[in-house]
Amino acid sequence: MSEITSENFTNGMRHLAAAVNVISAMVNGKPRGMLATAVCSVCAAPPTLLVCINQTAEMYTSISEGKRFCVSVLNEQQHETATKFMKADRDDRFNHFEWDTIATGAPAVRHALVNFDAELDTSFDAGTHTVFLGRVIGMRIADKGQSLIYNAGGFAGLRDVSSDLSN
Ligand SMILES: Cc1cc2nc3c(=O)[nH]c(=O)nc-3n(C[C@H](O)[C@H](O)[C@H](O)COP(=O)(O)O)c2cc1C
């Protein structure tokens, strides 16, 4: 058995492949955001998702105070832009993505697979992070594209191994 330390836990979590998202908010008229994999559907009625954000991140304050945010689920073709976005200073990140707004005024990444525009419903702290539940009030779905995946410290695309789970 592996020793349970924060470092080992983080190493284990490197194997939890996940879709790459931009979580964003408009802060004093400026588009701000960060990459995140800790995004999950909560329920469809009412349409609700959650994001889990480190309390040291700018988005923690932005969502706590502004109570609106957008989740843009990235397309695998956006991997180079996602890398530039990740490495850029906060002020420069949205110079890399084309963006517009949908319902809340938060910046929505264009050409993402889907944008979920949400109003903050509730939140709770979990150690260093805070879980924010958002009620989705605006959405835009692309008609094609594949997910950008983060796994084992790098970006990857999807490879279909079995697409029919109906039986
Ligand atoms: C692929 C990827 C996924 C990430 N997922 C999360 C996440 O789910 N939650 C989180 O708080 N930080 C996550 N991070 C880290 C933040 O993106 C990073 O710390 C960011 O710089 C924080 O924003 P700030 O610099 O504006 O404070 C992730 C980073 C990468 C590269």
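To be clear, the structure that these remarks concern was listed above.
Quick look at the structure, then. Treat the numbers as computed from the prediction; the structure is a model and nothing was measured.

Observations concerning the sheet that holds strand β1 (residues 18-19)
Part 1 of the reasoning: With antiparallel pairing, three strands are arranged side by side in an open sheet as β1-β11-β12. In the strand order of this sheet, the two ends are held by β1 and β12 (154-156), each with one partner.

So, the site of the ligand
Part 1 of the reasoning: Around the ligand sit 14 residues, and of these M34, A36, A38, N54 and E58 come closest.
Part 2 of the reasoning: At the level of elements, β3 (30-36) and β5 (47-54) are the ones that each hand at least two residues to the shell around the ligand.
Part 3 of the reasoning: The residue makeup of the shell around the ligand, split by class, is 10 nonpolar, two polar and two charged.

A look at the nonpolar core
Part 1 of the reasoning: One finds I23, F69, V71 and L74 to be the most contacted residues of the largest nonpolar core, which totals 31 residues.
Part 2 of the reasoning: Here this core gets four residues from one element, more than from any other, and that element is strand β6 (residues 68-73).
Part 3 of the reasoning: If we ignore the near neighbours within four places in the chain, the residues touching L74 are V20, N21, V22, A82, A112, L113 and L148.

Here's the deal with unusual backbone geometry
Part 1 of the reasoning: Note the cis peptide between A45 and P46, where omega equals 0°.
Part 2 of the reasoning: Within the secondary structure, P46 sits in the loop between β4 (39-44) and β5.

Considerations on the sheet that holds β4
Part 1 of the reasoning: Ordered by their spatial adjacency, seven strands build an open sheet running β3-β2-β6-β9-β10-β5-β4, and the pairing between neighbours is antiparallel. In this open sheet, the two strands that pair with only one neighbour each are β3 and β4. Between one strand and the next, the sheet's axes are offset by a mean angle of 35°, whatever the strand orientation.
Part 2 of the reasoning: The sheet contact formed by β4 and β5 spans five bridges and is antiparallel. Within the sheet, the bridge partner assigned to S41 lies in β5 and is L49.

A word on the pairing of strand β9 (residues 114-126)
Part 1 of the reasoning: Where β6 meets β9, six bridges bridge the pair, whose relative direction is antiparallel. If you follow V73 over to β9, its bridge partner there is V114.
Part 2 of the reasoning: Note that β9 and strand β10 (residues 129-141) share 12 bridges and pair antiparallel. Looking at β10, one finds that A126 is bridged to H129.
Part 3 of the reasoning: Two successive antiparallel strands, β9 and β10, enclose a turn made up of two residues, where G127 displays a positive phi of approximately 60°.

Thresholds, definitions, all that
- Residues numbered from 1 in each chain as written.
- Predicted model: local features only at pLDDT ≥ 70, side-chain atom pairs only at ≥ 80, totals over all residues.
- Pairing = 2+ DSSP bridges.
- Helix = DSSP H or I, 4+ residues; strand = E, 2+ residues; numbered from the N terminus.
- Near = placed C-beta within 6 Å.
- Nonpolar A, V, L, I, M, F, W, Y, C, P; charged D, E, K, R; others polar.
- Core = buried A, V, L, I, M, F, W, Y, C linked by C-beta atoms within 7 Å.
- Buried ≥ 20, exposed ≤ 12 C-beta atoms within 10 Å, placed from the backbone.
- Contact = placed C-beta atoms within 7 Å.
- Axes fitted to C-alpha atoms, helices over the stretch in contact; angles between N-to-C directions.

It is worth stressing that arrangement in space is one thing and function is another; only the former is reported here.
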